[in-house]
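A closer look at the structure
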Amino acid sequence: MSNRGSIYSIDNLVPDQYQISLNETIFHNANGYIGVRYDFEEGYPDEYYFVRSQYINGFYDHVPVRRSENLYGLVTEKQTMLNVADTQSIKLWLEDEEFSMYRGTLLESRLFLDMVKGITVRHVVWRSPKGKVVELKIIRMASFHQLSLFTIDYEVLPLNFSGNIMFESGHNGNVYNYCDPHDPRMANEQLQYLTPHNCEIKEGASYITSGTSRSEQEVCSCVKNILSQKHTLEYDVNGNRAICRINTRASEGKKIKLKKYSVFCDSIRSDNPKMQAEVEMGTALAVPLQHFYFKQKEYLADYWNNCFIRIDDKYESNLSLRYSLFQLIQSVGKDRYCNIAPKGLSGDGYEGHYFWDSEMYIHPFFTITNPSVSKILLEYRYETLDLARENARILGHKKGALYPWRTIMGKECSGYYPSGSAQYHINGDIAYTVIAYYLATKDLPFLLVKGAEIIWETARLWMDTGNYYKGEFHINDVTGPDEYTCIVNNNYYTNLVAQYNLSWAVKIYKLLRPYSGFRELTQKLDLRESEILDFQNAADHMYLPYDEELKINPQDDSFLKKQKWDPASIPDDHFPLLLHYHPLHLFRHQICKQADTVMAHFILEDAQSEETMYNSYQFYENITIHDSSLSYCIFSIMASRLGMEEKAYAYYEIAARMDLTDAYGNTDDGLHIANMGGIYMTIVYGFAGFRLKENGISLSPILPAKWDGYRFKIVFEGSRIRVEVKNDTCLLHLENGAPKEITIYQETYLLKNTLKIRRPPRNTNVEAPVKDNEEVHP
């Protein structure tokens, strides 16, 4: 991947309040373990509001959920992600003048994110009120090589003066979480969850150890400042805050370099965070900072090679796409103690909770590009399986596991059960993802040790939730993906993923039976042949709503009986609806927050006819208002699937520009990470028609009219395949690994080296393609 198209930048930096908050998100640094929102190191004038925020993925405190009617089983305590410390502060004095972007004269200024190097850079040429001119280059990095490490590389070049300068580098343990009392998607009160227990200086480094108020967790942050030339250094420790003052002599034309190292360790992953922080800092200082820059670039080079995707001659589209994929690798958890939140590690939105977003919008990307990442995410679900079993018991189920709708450590956090805990489909979503990972990798050991147990325990939950009525298996009083339609009977999406879950529970039982460890596992779970037969029977008799008159899949049993509500009649300033209408008002209308049945048709397209999916799409498109960022990409994918190319492209464009243009007006709360996975899916699963199924992989590419071509890579069963789509051809090349069968336009080929397939003309029936079966050898 070249630097072209991999740098996102803004110039002329004197941000107002809006831009400050937006930059905090857009230019944040993260590596899946730590996340650091972007703020100027020197801060901002007093009239601006900002909260320096630094997070650890999976590190949390418990927070009481207050309600006046505390019925049995309702959530009384939730988890929230924490702002753990502020290690970003660096103030600079040129003799008696303090540097500020809001004083003096900015001669040059630029802020940019380099997605090849994995760094954020601010470049400034500033003239002080007294005429001193200085050039600053400030590089920030959250290391992929050493996950605990965040660095600030602060370079000062005096251009027209020599004299004394001073750095004041801060390390503050008195930090608060951001809140927004007007947005139900955010925490509604600002609290200091962490209490600093100790702030000390040891061997020239500051250590702050803090404890949570309720979860009995501990975190230690350590900061070390290193200057490149002769200097004096003194520490001031006051009230759990350490300030390191460094004085040195500046010479005109000579660079001065301050390197600030910060490491973070928590008690979830370490028995002694303070001791581990000492080890981590020692590791960081054992090699030059350039070593970490090299390893950062090396890590990303491998990542970009595996997930390569490019649109021919579309600079802005590629930039948006690469930005999205960069944020996915920044956000995704790198160990079994965490997952990926809707905002990643870019902000406090949704309090750092993990939802179904991970399985249905982010796994589809990693599973076919970097499957080892998907495996780690699934290991988190396995680690929390016992808590999912506990959750099932709380909700009245005697057997099986029910994963929480939103969580950090495995317990339910949703305070509003109609659109939270009632979303039982999360069980089917997780099962679907385990199956997809297996289909992409054929990783039998994972299936035997962890995956099968997830599949069987989630399948048991459906048996205890549903019941037979007139010979069909019904699932009542649940909520599907559409959160404006809650507590319904036989939500189509839920019933379909339950059927898939149950069917695969049977298949995996048969698949693993010959292998060592199968008997021990089934004995551990007390899983018997009779129960497997029950799974199969329920799957075979699953009730899937269908309306004969409209020839569609109703979203649930009552949806078509509800009052219609024309979205065009809703005032523009009443979106999103959840902030302007009572939930019951929403529940009583035929209005959809996001793709629900349309989503089901995407992930399990073989369950219905083309006619049913097409009619359903037309029906739901008219009543879906896309109040969720998860919606546009699904409508794009299904429009591609159903031959509506212009519509598919229009929805893709909306999804693609969501965060960099702040289309929803809330990017300052954090990025829409699931949509970023969705952008990838609109191209690979949408325009390219990629599908991963039990019988293998398939493609049915279309080419948007505004594009000259596009190309991408996928990984399947250890083989990497490059796909190129042009106006009249589809070219596939096996980059490495064993030959693979692949279906293209419903015709199966064996890809040994290179395949060149002639694409059907635009707007023709892809079920009757014109193709060449040509094996080309370079």
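Worth saying up front: this structure is predicted, and the values here are computed from it rather than measured. (Residues numbered from 1 in each chain as written. Predicted model: local features only at pLDDT ≥ 70, side-chain atom pairs only at ≥ 80, totals over all residues. Heavy atoms only, no water.)

Points about the overall build of the protein
We apply this condition: Counting from the N terminus, the helices are the DSSP runs of H or I reaching at least four residues and the strands are the DSSP runs of E reaching at least two. We compute the radius of gyration from the C-alpha atoms alone; for a globule the expected value is 2.2 Å times N to the 0.38, where N is the number of residues. When accessible area is computed with a 1.4 Å probe and restricted to protein chains, residues below 20% of their type maximum are described as buried, those above 50% as exposed, and intermediate ones as partly exposed. In this description, contact between two residues means that some pair of their heavy atoms is separated by no more than 4.5 Å. In this description, accessible areas are obtained by the Shrake-Rupley approach with a 1.4 Å probe, and a residue is regarded as covered only by the protein chains that are shown. Positive residues here are Lys and Arg, negative ones are Asp and Glu, while His and the chain termini are left out of the count. Where a charge lies is defined by one atom per residue type, namely NZ (Lys), CZ (Arg), CG (Asp) and CD (Glu).
The secondary structure content of the protein amounts to 18 helices and 33 strands. A compact globule built from 778 residues would reach a C-alpha radius of gyration of about 28 Å, and the protein, at 27 Å, matches this within 12%. For the protein, the spread of C-alpha atoms along the three principal axes comes to 85 × 65 × 60 Å. Scored against the burial criterion, the 778 residues of the protein give a buried share of 63%. The long-range fraction of contacts in the protein, counting pairs at least 24 apart against all pairs at least 6 apart in sequence, stands at 67%. About 29,400 Å² of surface is accessible on the protein, with carbon and sulfur atoms providing 47% of the total. Counting 81 positive and 100 negative side-chain charges, the protein places the averaged centre of each group 4 Å from the other.

Some remarks on the pattern of salt bridges
Applicable threshold: A side-chain nitrogen of Lys or Arg and a carboxyl oxygen of Asp or Glu constitute a salt bridge if their distance falls within 4 Å.
Applying the stated criterion across every chain, the model contains 52 salt bridges. Put simply, Arg-389 and Glu-457 hold a salt bridge, and the shortest N to O gap is 2.9 Å. Of this pair, Arg-389 sits in helix H7 (residues 385-394) while Glu-457 is found in helix H9 (residues 444-465), placing the two residues 68 residues apart along the sequence. Grouping residues by exposure puts Arg-389 and Glu-457 together as buried.

So, the packing of H9 against helix H11 (residues 518-525)
Worth spelling out the cut-off: As a rule, the C-alpha atoms of each element are fitted with a line to give its axis, helices using only the stretch in contact, and angles between N-to-C directions run from 0 to 180 degrees. Crossing handedness follows the turn of the near helix against the far one: under a right angle anticlockwise gives a left-handed crossing, and clockwise gives a right-handed one. Only Asp, Glu, Lys and Arg are considered charged, only Ala, Val, Leu, Ile, Met, Phe, Trp, Tyr, Cys and Pro nonpolar, and every remaining residue, Gly among them, polar.
Remark: H9 packs on H11, axes separated minimally by 11 Å, with the N-to-C direction vectors making an angle of 35 degrees. Viewed along their axes, H9 and H11 form a crossing whose handedness is right-handed. Here Leu-448, Ala-452, Glu-453, Trp-456, Glu-457 and Arg-460 of H9 lie close against H11, whose contacting residues are Phe-518, Leu-521, Thr-522, Lys-524 and Leu-525. For the contact of H9 with H11, the per-class residue count stands at six nonpolar, one polar and four charged.

Remarks on the confidence of the model for the protein
Detailed reading of predicted coordinates is not advised where the pLDDT is low. Condition: The predictor's confidence in any single residue is recorded as pLDDT, a number from 0 to 100.
Across the protein, the average pLDDT comes to 95, with 96% of residues at 70 or higher. A low-confidence stretch, residues 764-778 (pLDDT under 50), is modelled with 31 contacts involving residues beyond four sequence positions or located in other chains.

Remarks on helix H6 (residues 371-383)
For clarity, the cut-off: Multiply 1.5 Å by the residue count of a helix minus one, and that product is the helix's expected span.
Here H6 is 13 residues long and its end C-alpha atoms lie 18 Å apart, about the 18 Å a rise of 1.5 Å per residue gives. Against the buried residues of H6 lie helix H5 (357-366), H7, helix H8 (425-441), H9 and H11.

Side note on the environment of Glu-379
Mapped onto the secondary structure, Glu-379 falls in helix H6. We classify Glu-379 as buried; its relative accessible area is 19%. Once the C-alpha coordinates of Glu-379 and Phe-294 are considered, the two residues, 85 residues apart in sequence, prove to be 30 Å apart. Not counting residues within four places of it along the chain, the set of residues in contact with Glu-379 comprises Arg-336, Phe-446 and Lys-450.

Description of the side chain of His-123
Here is the rule: Distance and chemistry together define a polar contact, namely a pair of N or O atoms within 3.5 Å, with one atom able to donate a hydrogen and the other to accept it when in protein, and with adjacent residues in sequence counting only for side-chain atoms on both sides.
In this fold, His-123 is placed in strand S10 (residues 119-127). Side-chain polar atoms of His-123 contact the side chain of Glu-135, separated by 2.7 Å. Setting aside residues up to four positions removed in sequence, His-123 forms contacts with Glu-108, Ser-109, Arg-110, Glu-135 and Leu-136.

Re the nonpolar core
Our working rule: Here, nonpolar core refers to any group of buried Ala, Val, Leu, Ile, Met, Phe, Trp, Tyr and Cys residues whose side-chain atoms link them within 4.5 Å.
Phe-167 and Trp-456 are the most contacted members of the largest nonpolar core, which totals 202 residues. For this core, the element with the most residues is helix H10 (residues 492-512), which contributes 13 residues. For Phe-167, the contacting residues outside a window of four places in its chain are Ile-90, Lys-91, Leu-92, Tyr-154, Val-156, Leu-227, Cys-244, Arg-245, Ile-246, Ile-256 and Leu-258. Core analysis: the second largest hydrophobic core is formed by 19 residues, Val-121, Ile-139, Met-281 and Phe-292 among them.

Some thoughts on the sheet that holds strand S31 (residues 747-751)
Hydrogen bonds along the backbone pair up the strands of a sheet, which may run parallel or antiparallel. To be explicit about the condition: Pairing between two strands requires that DSSP report at least two bridges joining them.
Ordered in space as S25-S26-S30-S31, the four strands form an open sheet in which the pairing is mixed. At either end of the open sheet lies a strand with only one pairing partner, and these are strand S25 (691-693) and S31. The mean angle between the axes of side-by-side strands here comes to 30 degrees, regardless of whether they run parallel or antiparallel. Pairing of strand S30 (residues 740-744) with S31, which is carried by five bridges, proceeds in the antiparallel orientation. Each bridged residue has a counterpart across the sheet, and for Lys-740 the counterpart in S31 is Leu-751.

Digging into unusual backbone geometry
Of note, the amide linkage connecting Phe-575 to Pro-576 takes the cis form, showing an omega dihedral of -5 degrees. Here Pro-576 lies in the loop between strand S23 (563-564) and helix H13 (583-587). The backbone of His-626 sits at a positive phi, close to 60 degrees, despite the residue not being glycine. Mapping His-626 onto the fold places it in the loop between helix H15 (610-621) and helix H16 (632-641).

Quick look at the pairing of strand S26 (residues 696-699)
Bridging between S25 and S26 involves three bridges; their strand directions are antiparallel. By the bridge assignment for S26, Lys-693 is matched with Gly-696. Here S25 folds back onto S26 in antiparallel fashion, the turn holding two residues. Bridge count for S26 against S30 is three bridges, and the pairing is parallel.

What to know about the sheet that holds strand S14 (residues 194-202)
Strand order across the open sheet formed by nine strands is S1-S9-S10-S11-S12-S19-S16-S15-S14, with antiparallel pairing between neighbours. Two strands bound the open sheet, and with one partner strand each, they are strand S1 (7-11) and S14. Along the sheet, successive strands turn relative to each other by an average axial angle of 15 degrees, direction set aside. Bridge count for strand S15 (residues 205-212) against strand S16 (residues 218-227) is seven bridges, and the pairing is antiparallel.

Some thoughts on the state of the cysteines
Definition in use: Here, the term disulfide refers to a pair of cysteine sulfur atoms separated by no more than 2.5 Å.
Overall, the coordinates contain zero disulfides when judged by the stated rule. For Cys-413, which is in no disulfide, the shortest distance to another cysteine sulfur is to Cys-338 and amounts to 15 Å. Cys-592 supplies the cysteine sulfur nearest to Cys-633, a cysteine that is in no disulfide, at a spacing of 15 Å.

Some words on the packing of aromatic side chains
Definition in use: In summary, the pairing rule links any two rings of Phe, Tyr or Trp, Trp by its six-membered ring, whose centres are within 6.5 Å, and it sorts them by plane angle into stacked for under 30 degrees, edge-to-face for over 60 and tilted for everything else. Definition used: whenever NZ (Lys) or CZ (Arg) falls within 6 Å of the ring centre and also within 35 degrees of the ring normal, the charge is taken to sit over that ring.
In this structure the tally under the stated criterion is 44 aromatic pairs. For the ring pair Tyr-44 and Phe-50, a centre distance of 4.9 Å and an interplane angle of 75 degrees mean the geometry is edge-to-face. Centroid distance Tyr-685 to Phe-690: 5.4 Å. Interplanar angle 90 degrees. Geometry classified as edge-to-face. Accessibility expressed as a relative area gives 2% for Phe-690, which makes it buried. In textbook terms, an aromatic cluster arises when at least three aromatic residues are bridged by ring pairs, as seen for Tyr-8, Phe-27, Tyr-38, Phe-40, Tyr-44, Tyr-48, Phe-50, Tyr-102 and Tyr-323. The side chain of Arg-122 reaches across the aromatic face of Phe-40, ending 4.2 Å from its centre. The aromatic ring of Tyr-438 is capped on one face by Lys-442, whose charged end is 5.8 Å from the ring centroid.

Comments concerning the environment of Glu-621
Among the secondary structure elements, Glu-621 is positioned in helix H15. Discounting chain neighbours no more than four positions away, the residues touching Glu-621 are Phe-635, Lys-647 and Tyr-651. A polar side-chain atom of Glu-621 sits 2.9 Å from a polar atom in the side chain of Lys-647.

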